[in-house]
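Residue-level structure breakdown
Here's the letter readout for the chains.
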Amino acid sequence: MSLLCRLLMSLRMAPPPPLVFLLMVVGASGAEWSVKYKQQEICALNGSTVFMNGTFTYPERLTVTETFWAVDPVPKVEPTDLIKVPDFSGRVEYFTAEQKHFSLKLSNVMKEDEHKYLLRIKTNEESQKYLGRPGVKLSVTELQVESPGEVTKGETADLMCKTTCSLTDPTFIWYKNGRPLTTKTLKNNQLHLQTVSSEDAGRYSCAVRGSEHLPSTAQTLRVRYPPKSVSVYVSPSGEIVEGSSVNLTCSSDANPPVQNYTWFKEGGSSPVGSGHTYSITSISADHTGLYYCEALNAVGAQNGSVRISVQTQSRSAVWIAAVGFLLLLLLMVLICIYRMKKRNTRADHDGPTQDDVLYANATPSRPVETAVHVAFGAPDDDVQYATVKHSRSRPVETAVHVASGAPDDDVQYATVKHCRSRLVETAQL
């Protein structure tokens, strides 16, 4: 057999080249093109801003004429520039550096933005363009608080700030009723409440530092606790008089609400009533004492108390009489003061009294009739009157009664003299 035939037979029987060698050959033909993404998966909060970063290389003989981002490319179909897609209008910005770094800024992300994002590179040669696979997968999530809903006082409670995908190194911030819990800023997403009290009840929400404006929807934590702040009110208020009606009302703060109120009187073991209000009609002195109200719910019970004192009718009559006497005494004092002030005022205006005036024998300013009665035992028929002129302002009638039995014609009148404060009349028979 000739040498040529032997060579051909050996080639037919030789094994095929290894697969690794074939892959290296294919890789070698495209080694100058590459796109490397900083993150191939990104989890972003709904409403936040996302940055997608990376680097690329291309053959040195080519010139890059255009770079843009595209989503979910279809084979053999030229992808559309993301800026030109209506759903992304106004929310997309590109950044490319000379060092062949590229970046996509997507604002106000929403659930509809969940796609794969790839970089498209075009060059000065139509056939030389590159699509950077596999791209960046964007997932959009919202924060959600997972709460036990209701716990009993004294127990522990764990709240979770959950997402549907993993955020990159988040720091969680917790809020209660819209206000930050400054001591509850945690690296993990759990809020642990140790020994829960009624003050821990409220609406809890969470956020991620840097995106505080995007908190979760608040969830309510309810705390079950026995009645507290139990108080008793008496109606009507003020002094309780025997025979009247009185209502005792019990109130408290409890969760769940109080199931029943039971009333007891100090010294007694049996209840005297039940319900929110305990009424006593036609109250008597026997009702005086301390009353307890027991408030009970599914968690526990607590008491409140009030003391009532009943005034008897006899004691009330004494009080009424005493008050009446004091009022009467006060009235009399006021009347006396009024009369004294009136008398002093009149004295100041009238000047000296009649008794303080000295009258001479003579000429008064106007006639005054003075009655002079000389009591000598004569009958009333023997009384004679004369008119005497008096120095004061009004007439004085003076009756001179002659008691000697002489007739009226024999009565003679002499001069009337007044000495200091009293009038002296001399009758001359």
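Moving on to the confidence of the model for the chain. Counting all residues, the mean pLDDT for the chain is 79, and 71% of those residues have values of 70 or more. Low pLDDT (under 50) marks residues 10-30, which in the prediction has zero contacts with non-local residues, meaning those over four places away or in another chain. Scored below 50 in pLDDT, residues 353-429 makes 137 contacts in the model with residues more than four places away or belonging to other chains.

All told, the structure shown has three disulfides when counted by the stated rule. In this model, Cys161 is linked to Cys206 through a disulfide, with the two sulfur atoms separated by 1.9 Å. Disulfide Cys161 to Cys206: torsion about the S-S bond roughly 70 degrees, handedness right-handed. Of the two residues, Cys161 is situated in strand E11 (residues 157-162) and Cys206 in strand E15 (residues 202-208); the sequence distance between them amounts to 45 residues. On the basis of relative accessibility, which here comes to 1%, the residue Cys161 falls in the buried class.

Here we come to the packing of aromatic side chains. This model, assessed by the stated rule, comprises nine aromatic pairs. Ring centres of Phe88 and Tyr117 lie 6.3 Å apart, and the angle between their planes is 90 degrees; on these two criteria the pair is classed as edge-to-face. On the criterion of sequence distance, the pair formed by Phe88 in the loop between strand E4 (64-71) and strand E5 (92-96) and Tyr117 in strand E7 (residues 116-123) is long-range, its members being 29 residues apart. Exposure class is identical for Phe88 and Tyr117. Each is buried. Of the aromatic side chains, those joined through ring pairs into one cluster are Tyr37, Phe56, Tyr58, Trp69 and Phe102. Directly above the aromatic system of Tyr58 lies the positively charged group of Lys100, at a separation of 4.5 Å from the ring centroid. Here the guanidinium or amino end of Lys228 rests over the ring plane of Tyr225, the centre of that ring lying 5.1 Å away.

Here we take up the environment of Gly149. Looking at the element boundaries, Gly149 is found in the loop between strand E9 (144-146) and strand E10 (150-152). Gly149 gets classed as buried once you look at its relative accessible area, which sits at 15%. Distance in space between the C-alpha atoms of Gly149 and Thr220 is 6.4 Å, their sequence separation being 71 residues. In this structure Gly149 touches Thr220, Leu221 and Arg222, once residues within four positions along its chain are discounted.

Right, let's get into the pattern of salt bridges. Under the criterion given, the structure shown has 13 salt bridges. Notably, a salt bridge pairs Lys228 with Glu199, separated by 3.9 Å at the nearest N-O pair. Within this pair, whereas Lys228 is found in strand E16 (residues 219-235), its partner Glu199 is found in the loop between strand E14 (190-193) and E15, the two being separated by 29 residues in sequence. The partly exposed category is assigned to Lys228, whose relative accessible area is 26%. One salt-bridge network, held together by shared partners, links Glu78, Arg120, Lys122, Glu126 and Lys129.

Conventions used here
All residue numbers refer to position in the chain's written sequence, counted from 1. Given that the model is predicted, a residue must reach a pLDDT of at least 70 before its local features are reported, and side-chain atom pairs must reach 80 or more before they are shown or counted; all residues, however, enter totals for whole chains, interfaces and linings. The side-chain quantities take in all heavy atoms of the structure and omit both hydrogens and water. As a per-residue measure, pLDDT reflects the predictor's confidence and takes values from 0 up to 100. Contacts are assigned to residue pairs that have any heavy atoms within 4.5 Å of one another. Disulfides are defined as cysteine sulfur pairs within 2.5 Å. Think of it this way: any DSSP run of H or I at least four residues long counts as a helix, any run of E at least two long counts as a strand, and we number them from the N terminus. Exposure is judged per residue with a 1.4 Å probe applied to protein chains only, and the accessible area is read against the type maximum: over 50% gives exposed, under 20% gives buried, and values in between give partly exposed. Two rings belonging to Phe, Tyr or Trp (six-membered ring only in the last case) form a pair when the distance between their centres is within 6.5 Å. Interplanar angles under 30 degrees mark stacking, angles over 60 mark edge-to-face geometry, and anything in between is tilted. Cation placement over rings: the criterion is NZ of Lys or CZ of Arg within 6 Å of the ring centroid and within 35° of the ring normal. Note on definitions: salt bridges are taken to be side-chain nitrogens of Lys or Arg within 4 Å of carboxyl oxygens of Asp or Glu.

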